[in-house]
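# Analysis of the macromolecular model
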Amino acid sequence: MLSPSPFWSPRVHGLVPYVPGEQPRLANLVKLNTNENPYPPSPRVAAAIQAAVQQGLQLYPDPDSTLLRQAVAAHHGLAADQVFVGNGSDEVLAHAFFAFFQQRGAPLLLPDVTYSFYQVYCGLYGIPMEVVPLADGLRVDVEALVAPAGVEVAGVVIANPNAPTGIGLPLASIERLLQMHPGRVVLVDEAYVDFGGENAVGLVAQYPNLLVVHTLSKSRALAGLRVGVAFGQSPLIDALERVKNSFNSYPLDRLAQAGATAAYEDRAYFDEKRAAVMHSREGLSLQLEDLGFEVLPSQANFVFARHPSHDAAGLAARLRERGVLVRHFRQPRIAQYLRISIGTPQQCDALLQALSEILR
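Structural notes, computed from the coordinates. Keep in mind it's a predicted model, so treat the numbers as computed, not measured.

### Details of the packing of helix α10 (residues 312-321) against helix α11 (residues 345-358)
One can describe the packing of α10 onto α11 by two numbers: an axis separation of 10 Å at closest approach and a directional angle of 115 degrees. The element α10 and its partner α11 pack so that their crossing is right-handed. Judged by residue contacts, Leu315, Arg318 and Leu319 of α10 engage Leu351, Ala354, Leu355 and Ile358 from α11. Per-class residue counts for the contact of α10 with α11 are six nonpolar, no polar and one charged.

Encoded structure:
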């Protein structure tokens, strides 16, 4: 890392950036470290992108992503003005943190073990945090996500299912959070919800303080296209539009809009592939348990597991030597866990073979 520069703004000196999972340049690796979908996107996506290329790239894209928002709204039974789209769900989250959680120094409530980008955004925007420990079993403690007595909060953000644990909350718990904080936005990041979680989009009409965020990187296999979505009542969406248009009026290019729209329109393919991932997840969990691992119950496209007799960092390193990548977090409470993305059956078999050799 380069040394700090005197030209930096003061806040840049204190930023601790997000560190993504390794994107290796080596061939023939079994890549189970970044929760990508093991299957390609719908064939309709490539066809739609090719058609968009033929229409010409010399003109700007639709700044409002109208056709995509209409397709997303139709899929979820919402109006288009209840849908916001951005350049990946990380950008959508960044806009949401800016729009809703800068509340005169009030702290944002979030779990201590969750998607680490949330704390990065707090640092970027100068938002104080109140970090709430997970309960036993690494489960989100909904009742603990309440403002301390006499303290105003900026809002609440959770991932559901949680990352990196994979454990989901039922909708009743989401409603409890919304009712506990009626005057603040509760942001529910549902990056993995399509793999068995309970979708909160249906609560949008009832709760004006609910913002739900989705990504097309996981269940729709479009991690390389960068498309994220938010759902909420129109005043929340209008706030996101104000931030977006103060930052980048054209976040989604023509190819991303066309490909994402096609992905939403192919429901049969979407259902087939997410079912395949869930089937592999259940099989992998049982086989890991047969090898002596403790595996948390997952509603995501990954499992979170630890072996009581083997150090997680050491396991990750030895797997890498055998061409298998998994994610290890050097973080208190979860340092002995590995997060393992669900691959194809062949990739899962390669992982299990490598682990069998290591654990002999």
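### Side note on the pairing of strand β6 (residues 186-189)
Both faces of β6 are covered, namely the face carrying Val186 and Val188 and the face carrying Leu187 and Asp189. In this sheet, β6 lies alongside strand β5 (residues 155-159) in parallel orientation, the contact comprising four bridges. The residue of β6 that forms the bridge with Val156 is Val186. Read from β5 through helix α6 (residues 171-180) to β6, the crossover connection turns out right-handed.

### Focus on the pairing of strand β10 (residues 302-306)
Counting buried positions over the five residues of β10 gives four, a clear majority of the element. Here strand β9 (residues 294-295) runs beside β10; their pairing, made up of two bridges, is antiparallel. Paired with Val295 across the strands is Ala305, a residue of β10. Following β9, the chain reverses through six residues before pairing antiparallel with β10.

### Thoughts on the packing of aromatic side chains
Applying the stated criterion to the full structure yields 10 aromatic pairs. Where Phe97 meets Tyr118, the ring centres are 6.2 Å apart and the plane angle is 20 degrees; that geometry is what we call stacked. One end of the pair, Phe97, is in helix α4 (residues 89-100); the other, Tyr118, is in helix α5 (residues 117-125), with 21 residues separating them in the sequence. The same class applies to Phe97 and to Tyr118, which are both buried. In textbook terms, an aromatic cluster arises when at least three aromatic residues are bridged by ring pairs, as seen for Phe97, Phe101, Tyr115, Phe117, Tyr118 and Tyr121. Above the plane of the ring of Tyr264 lies Arg220, whose end atom (NZ or CZ) is 4.0 Å from the centre.

### Digging into the side chain of Thr344
Summarising the element assignment, Thr344 is placed in the loop between β13 (338-341) and α11. Using a relative accessible area of 14% as the deciding quantity, one classes Thr344 as buried. Among residues more than four places away in sequence, those in contact with Thr344 are Pro38 and Tyr39.

### Regarding the pattern of salt bridges
A complete count under the given rule lists 14 salt bridges for this structure. Here Lys244 ties to Glu241 by a salt bridge, and the two come within 3.5 Å at their closest N and O atoms. Of the two residues, Lys244 and Glu241 both sit in helix α7 (residues 234-245), three residues apart, roughly one turn of that helix. One exposure class covers both Lys244 and Glu241, and it is buried. Residues Lys273 and Glu272 are paired through a salt bridge, measuring 3.5 Å at the closest nitrogen-oxygen approach. Assessed through its relative accessible area of 18%, Lys273 is described here as buried. A residue is classified by how much of its surface remains accessible, and Glu272, at 47% relative accessible area, is partly exposed. In the salt-bridge network here, residues are joined through shared partners; they are Arg69, Glu241 and Lys244.

Quick notes on the rules
Residues numbered from 1 in each chain as written. Predicted model: local features only at pLDDT ≥ 70, side-chain atom pairs only at ≥ 80, totals over all residues. Heavy atoms only, no water. Axes fitted to C-alpha atoms, helices over the stretch in contact; angles between N-to-C directions. Helix = DSSP H or I, 4+ residues; strand = E, 2+ residues; numbered from the N terminus. Left-handed = near helix turned anticlockwise from the far one by under 90°. Contact = heavy atoms within 4.5 Å. Nonpolar A, V, L, I, M, F, W, Y, C, P; charged D, E, K, R; others polar. Buried < 20%, exposed > 50% of the residue type's maximum accessible area, 1.4 Å probe, protein only. Pairing = 2+ DSSP bridges. Right-handed = clockwise from strand over helix to strand, strands pointing away. Phe/Tyr/Trp six-rings, centres within 6.5 Å; stacked < 30°, edge-to-face > 60°. Lys NZ or Arg CZ within 6 Å of the ring centre and 35° of its normal. Salt bridge = Lys/Arg side-chain N within 4 Å of Asp/Glu carboxyl O.

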